[in-house]
Amino acid sequence: MGLALVHSRARVGVAAPAVQVEVHLAGGLPRMSIVGLPEAAVREAKDRVRAAIQCAQFEFPARVITVNLAPADLPKDGGRFDLPIAIGILAASGQIPADALDQYEFLGELGLTGELRPIDGVLPAALAAADAGRKLIVPPGNGAEAALARNVEARTARTLLEVCAALNGVKVLPLAVAPAALPYRGPDLCDVRGQAHARRALEIAAAGNHHLLLIGPPGCGKTLLASRLSGILPEASEDEALETAAIASVSGRGLDPARWRERPYRSPHHTASAVALVGGGAQPRPGEISLAHNGVLFLDELPEWDRRALEVLREPLESGVVTISRAARQNEFPARFQLVAAMNPCPCGWAGDPSGRCRCSLEVIRRYRARISGPLMDRIDLQIEVPRLPPSDLRPDGPASESSDAVRGRVEAARNLQHHRAGKANAHMTQAETNTHCRLQPRDQLLLERAIESLQLSARSMHRILRVSRTIADMAGVAQINTAHLTEALGYRRTDRGMGRQAA
Ligand SMILES: [Zn+2]
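Residues numbered from 1 in each chain as written. Predicted model: local features only at pLDDT ≥ 70, side-chain atom pairs only at ≥ 80, totals over all residues. Heavy atoms only, no water.

## Side note on the overall build of the protein
Helices and strands together make up the secondary structure of the protein, namely 21 helices and 18 strands. When each of the 504 residues of the protein is scored for burial, the buried share is 52%. The contacts of the protein with a sequence gap of at least 6 include a subset with a gap of at least 24, amounting to 74%. Counting only carbon and sulfur atoms, one obtains 52% of the accessible surface of the protein, whose full area is about 21600 Å². Positive and negative side-chain charges of the protein, numbering 60 and 54 respectively, have mean locations separated by a distance of 4 Å. (Helix = DSSP H or I, 4+ residues; strand = E, 2+ residues; numbered from the N terminus. Buried < 20%, exposed > 50% of the residue type's maximum accessible area, 1.4 Å probe, protein only. Contact = heavy atoms within 4.5 Å. Areas by Shrake-Rupley, 256 points an atom, 1.4 Å probe, with all protein chains shown as cover. Lys, Arg positive; Asp, Glu negative; His and termini not counted. Charge placed at Lys NZ, Arg CZ, Asp CG, Glu CD.)

Now the structure itself:
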């Protein structure tokens, strides 16, 4: 027949656009050319495909073979097209039937002996194949991931020979199976002793999806607290979990299919590059902020971070999306993470500690805190000081702390109120929605205006205080925000004043 068409998919950001692999055979001096791939990738693909076809005891056609990957302007990385190219050559040369090809999509890198090797970005491809109404054939190493997409018939094949046997109707390939989701085994809040104030702030953060800043001396438990946040957040919906899993799938770091329902907790080190934090690269990959999508991003030692890297956070903190520009192409990655940041109160870490061991001058403390820009600080709704605990609070026989399960129950109740009211968590309300749903009684309005004045807060901060008040009222199950809710919310912006005064 001389011509075959095989369906496959590329990886562009978290999308998996369709790619048609067209194979044409013609008379002439035998050679093979691949159109639509970068030069180095073409050379490697040719070698692998030829070896795999020969190892599978098929004949590599001694003709002019032209392979076209369409559309031409899509970036096409790596070996994911090996399998569809090999299938196309075998179909075009009449060695396997071409009529069954249209109902399948193929993905997989070929080893020289014809075994199928896993590729990345399979979950987005499986979701897209489901939408296109086609079945999917993938390497065994990608089966569990492909099966997370519910509405696709995904099958796995170990070798090119097995795929051909299936297309010839002499073998049935096994269905890909998703592993059972493991129960959440993350750290529990019951390990955090004392720290009632910080635990309260953490619960408010979870209940309204607010960003949180913890300021305290080394060893006061900031990391311990931050790592407990994802465990008290409401369970992720299936759609949320799939979004997060799709990002992990294209990250090049792999996706653990048994843990795909868990909300991510990412804690990159402050020496991480801007690209590692926000994403990038020649074939752009998501960074930590996207890997934390629908979960928690913990940035410890906030003043130690590269300021440019932190400034890039401003856009995703508002919009939940990060745009990565690369040459003529723009990639968008979701990045709706909940930020927990931590810092010492001063360079030595002990400012304000009753021991009086801090010797930092006010000027040194001011410069230290000024490393974090006002606009970034503005976007963090809850800012609290976490003191060092007195040893009496750390006794192992002290009162037991509440577990994450108990706290999550209250968080979910508060979130349900929010979803009925605005269809989203309080922190994500627009300004208009905030004005509608966070109306204050006249005397509280006055109180807020005075506080804004004396704390010298921005209009953005005011809306954030209102949203936090709303969350506190929701946790109490109260429809009208009252003075106590507002006062508590204002208390979580106290550090603004500290920084503002020292900056003046
Ligand atoms: Zn100090």
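## Focus: the sheet that holds strand E10 (residues 212-215)
With respect to topology, 5 strands assemble into an open sheet ordered E11-E14-E17-E10-E18, the strand pairing being parallel. Looking at strand neighbours, the two that pair on one side only are strand E11 (265-266) and strand E18 (382-385), the edges of this open sheet. In terms of strand pairing, strand E14 (residues 296-299) meets strand E17 (residues 338-343) through 4 bridges, oriented parallel. Bridging from a neighbouring strand, Leu-297 pairs with Leu-339 of E17. (Pairing = 2+ DSSP bridges.)

## Points about the coordination of the zinc ion
Each protein donor to the zinc ion is listed here as Cys-346 (SG), Cys-348 (SG), Cys-358 (SG) and Cys-360 (SG); together their distances run 2.2 to 2.3 Å. With relative accessibility at 34%, the residue Cys-348 sits in the partly exposed group. (Donors = N, O, S within 2.8 Å, 3.2 Å for Na, K, Ca; no water.)

## Some thoughts on the packing of helix H2 (residues 82-92) against helix H5 (residues 160-167)
At a minimum axis distance of 11 Å, the contact between H2 and H5 shows a crossing angle of 50 degrees. The angle between H2 and H5 places the two elements in the oblique class. In this structure, the crossing between H2 and H5 has a hand that is right-handed. Along its contact with H2, which presents Leu-83, Ala-86, Ile-87 and Leu-90, the element H5 presents Leu-160, Val-163, Cys-164 and Leu-167. Of the residues that constitute the contact of H2 with H5, the class distribution is 8 nonpolar, no polar and no charged. (Axes fitted to C-alpha atoms, helices over the stretch in contact; angles between N-to-C directions. Parallel < 35°, antiparallel > 145°, perpendicular 65-115°, else oblique. Left-handed = near helix turned anticlockwise from the far one by under 90°. Nonpolar A, V, L, I, M, F, W, Y, C, P; charged D, E, K, R; others polar.)

## Things to note about the packing of helix H6 (residues 196-208) against helix H16 (residues 404-422)
At a closest axis distance of 8 Å, the pairing of H6 and H16 adopts a crossing angle of 40 degrees. One way to sum up the angle between H6 and H16 is to call them oblique. Helix-helix and strand crossings are classified by hand; for H6 and H16 the assignment is right-handed. Only Val-407, Arg-410, Val-411, Ala-414, Arg-415 and Gln-418 of H16 make contact with H6, whose side of the interface consists of Glu-203, Ala-206, Ala-207 and Gly-208. Its residues assigned to classes, the contact of H6 with H16 comprises 5 nonpolar, 2 polar and 3 charged.

## What to know about helix H14 (residues 362-370)
One turn of the α-helix equals 3.6 residues, which is why residues spaced by three or four share an orientation. Residues of H14 that are buried: Ile-365, Tyr-368 and Arg-369. All buried residues of H14 lie within an arc of 90 degrees about the axis, which places them on one face of the element. (Arc of directions from axis to C-beta.)

## A closer look at the confidence of the model for the protein
Of all residues in the protein, 95% attain a pLDDT of 70 or more, and the chain-wide mean is 90. Within the model, pLDDT remains below 50 along residues 497-504, and this stretch shows 10 contacts once partners closer than five positions in the same chain are excluded. (pLDDT = per-residue confidence, 0-100.)

## Structural notes on the environment of Ile-53
By the element assignment, Ile-53 lies in helix H1 (residues 39-55). Spatially, the C-alpha atom of Ile-53 lies 8.8 Å from that of Leu-112, the residues being 59 residues apart in sequence.

## What about the side chain of Glu-203?
Looking at where Glu-203 falls in the secondary structure, it is placed in helix H6. According to the relative accessible area criterion, Glu-203 is buried, its value standing at 10%. Ignoring any residue separated from it by four or fewer positions in sequence, one finds Glu-203 in contact with Ile-232, Val-407, Arg-410, Val-411 and Met-475.

## Digging into the side chain of Gln-195
On the secondary structure map, Gln-195 appears in the loop between H5 and H6. According to the relative accessible area criterion, Gln-195 is buried, its value standing at 7%. Among the polar contacts made by the side chain of Gln-195, one reaches the main-chain carbonyl oxygen of Pro-387 at a distance of 3.0 Å. Filtering out sequence-adjacent residues up to four positions away, Gln-195 remains in contact with Cys-220, Val-386, Pro-387 and Leu-389. (Polar contact = N/O pair within 3.5 Å; in protein donor to acceptor, adjacent residues only side chain to side chain.)

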